[in-house]
Amino acid sequence: MEFLKDIWLFMKERKKFWLAPVIIILLLLGVLIVFSSGSALAPFIYTLF
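First, a word on scope: everything that follows refers to the structure included in this document.

Thresholds applied
Residues numbered from 1 in each chain as written. Predicted model: local features only at pLDDT ≥ 70, side-chain atom pairs only at ≥ 80, totals over all residues. Heavy atoms only, no water. Helix = DSSP H or I, 4+ residues; strand = E, 2+ residues; numbered from the N terminus. Buried < 20%, exposed > 50% of the residue type's maximum accessible area, 1.4 Å probe, protein only. Areas by Shrake-Rupley, 256 points an atom, 1.4 Å probe, with all protein chains shown as cover. Phe/Tyr/Trp six-rings, centres within 6.5 Å; stacked < 30°, edge-to-face > 60°. Expected span 1.5 Å × (residues − 1).

The subject of this paragraph is the overall build of the protein chain. Within the protein chain, the regular secondary structure consists of three helices and zero strands. In sequence order, the secondary structure elements of the protein chain are arranged as α-α-α. In the protein chain, which comprises 49 residues, the share counted as buried stands at 12%. By element, 77% of the accessible surface of the protein chain is carried by carbon and sulfur atoms, the whole surface being about 4,400 Å².

Quick look at the structure:
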């Protein structure tokens with residue numbers, strides 16, 4: 001959680017709020033890949049990339 005706090009403070013201090021959607025999308029894609037790697041959804045996920 002310290003890492004997320006540091007990222008938030010960086011964005012707040014340097015007015016880089018455009019980074020928030022990029023970070024959120026990357027986190028969601030990472031979670032999607034991790035949770036679907038062993039399931040029946042895996043072939044459909046790999047067609048997206």
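Still to come is the rest of the account.
This part covers the packing of aromatic side chains. This model, assessed by the stated rule, comprises one aromatic pair. Centre to centre, the rings of W8 and F17 are 5.8 Å apart; their planes meet at 55 degrees, and the pair counts as tilted.

This part is about helix α1 (residues 2–14). In this model α1 runs 18 Å from its N-terminal to its C-terminal C-alpha over 13 residues, within 8% of the 18 Å that 1.5 Å per residue would give. Immediately downstream of α1, the backbone of K15 shows phi near 55 degrees, a positive value.

Here we take up unusual backbone geometry. Phi angles above zero are rare outside glycine, and K15 is one such case at about 55 degrees. Assignment of secondary structure puts K15 in the loop between α1 and α2 (19–36). Given the relative accessible area of 63%, K15 is considered exposed.

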